[in-house]
Amino acid sequence: MIRRARTRRHRPEVNCREVGKVLQSYLDDDVEPGFADKIAKHLEACRDCGLEVETYRRIKASLAAKLPEVDTAAIDRLRAFGEQLTSGDE
Amino acid sequence: MSEPAVDELAQKAAFDRYVVPELEVLYRVARSITRNPTDAEDLVQDTMLRAYRAILRFDGRHPRAWLLTIMRNAQINRVRRKRPELLRDPDAAMERLADEDSQDLGPEALVVESEFDAAVEKAVGALPDKFREVVDLVDIQGLSYAEAAEIIGVPTGTIMSRLHRARTRIRKHLEASGAYVNGRPT
Ligand SMILES: [Zn+2]
């Protein structure tokens, strides 16, 4: 994403507690880029947090895969309704 | 039909441009908030009607968010009209939840999932409505925080905090069910 294009600086590490607090925002790509780098480094180095983030990643992936098939007949009916609506016989 | 034809043409053009491409998303979101296919279709039609009437006043920015706001208002009216007790009645909400669980066991759901996915599914089913709604809209349907905020009618920060708490619950549920413990699948 766009956010990655900033400079990396060497900063003191974050600890597990801090990482835990922002883990989900981090996964949603919703933390500052500099901070995200620090988190990424921590995740590489810390087994516990690494596993934790992996769990949340799997949960997100599992949820994303649940998008149900949409009923195409219903969409067709809605399109037809739209046609009718815009053809003037409201 | 008292309006000049030129307005109707503009109305149709704007409708085709902003509303029609969003029909599938609208229907998915409607399914999610009504939990019922017939109600969902009605709700989208209602939304389309309102959008059509208002479309010449729409500035063309963020059509999805605009439509979701319309849908939210339409849904509020429907709920008030049809079942005013539901929003604040946890028992009714639980019943609805149970209904949906059984309704969801269509052919696709019967396909054997991995144990992890099954456990996630179960954990989502066990969430309170308020949390499950956000998980559904953002993590399953793929709406942005801002779009989910439009349809639910709360600030974006609320969406985020509900989502995070919901996922934390899912995670704890997984741990408790033994389906998945920290890095060790099943
Ligand atoms: Zn750590």
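Residues numbered from 1 in each chain as written. Chains lettered and ligands numbered in written order. Predicted model: local features only at pLDDT ≥ 70, side-chain atom pairs only at ≥ 80, totals over all residues. Heavy atoms only, no water.

### Overview of the interface of chain A and chain B
- Taken together, the 32 residues of chain A in the interface contact 39 residues of chain B.
- The junction of chain A with chain B conceals about 3500 Å² of combined surface from both sides, 60% of it contributed by carbon and sulfur atoms.
- Interface area lost by chain A to chain B is led by Leu63(A), Leu78(A) and Thr86(A), which between them contribute 17%.
- For the pair chain A and chain B, the number of links is four salt bridges.
- The shortest N-O distance in the salt bridge between Arg77(A) and Glu41(B) comes to 2.6 Å.
- The interface formed by chain A and chain B includes eleven residue pairs in polar contact (both at pLDDT 80 or more).
- When contributions to the side of chain A that touches chain B are tallied by element, the ones reaching two or more residues are helix H1 (16-27), helix H3 (47-64) and helix H4 (72-86) of chain A.
- Along the lines of polarity and charge, the residues of the side of chain A that touches chain B split into 13 nonpolar, seven polar and twelve charged. (Contact = heavy atoms within 4.5 Å. Buried area = accessible area lost by both parts, 1.4 Å probe. Salt bridge = Lys/Arg side-chain N within 4 Å of Asp/Glu carboxyl O. Polar contact = N/O pair within 3.5 Å; in protein donor to acceptor, adjacent residues only side chain to side chain. Helix = DSSP H or I, 4+ residues; strand = E, 2+ residues; numbered from the N terminus. Nonpolar A, V, L, I, M, F, W, Y, C, P; charged D, E, K, R; others polar.)

### Focus: the domain arrangement of chain B
All names here are of chain B.
- As far as domains go, chain B holds domain 1 (1-88) and domain 2 (96-186).
- Facing the 15 residues of domain 1 at the interface are 15 residues of domain 2.
- At the boundary of domain 1 with domain 2, total buried surface from both sides reaches about 1400 Å², with 54% on carbon and sulfur atoms.
- When residues of domain 1 are sorted by the area they lose upon contact with domain 2, Arg-35, Leu-68 and Arg-72 head the list and together hold 44% of the total.
- Connecting domain 1 to domain 2 are one salt bridge.
- With its nearest N and O atoms 4.0 Å apart, the salt bridge here joins Glu-147 to Arg-64.
- The interface formed by domain 1 and domain 2 holds three residue pairs in polar contact (both at pLDDT 80 or more) in total.
- Broken down by secondary-structure element, the contributors of at least two residues to the side of domain 1 that touches domain 2 are helix H2 (23-34) and helix H4 (63-82).
- Its residues assigned to classes, the side of domain 1 that touches domain 2 comprises eight nonpolar, two polar and five charged. (Domains from an automatic or database assignment.)

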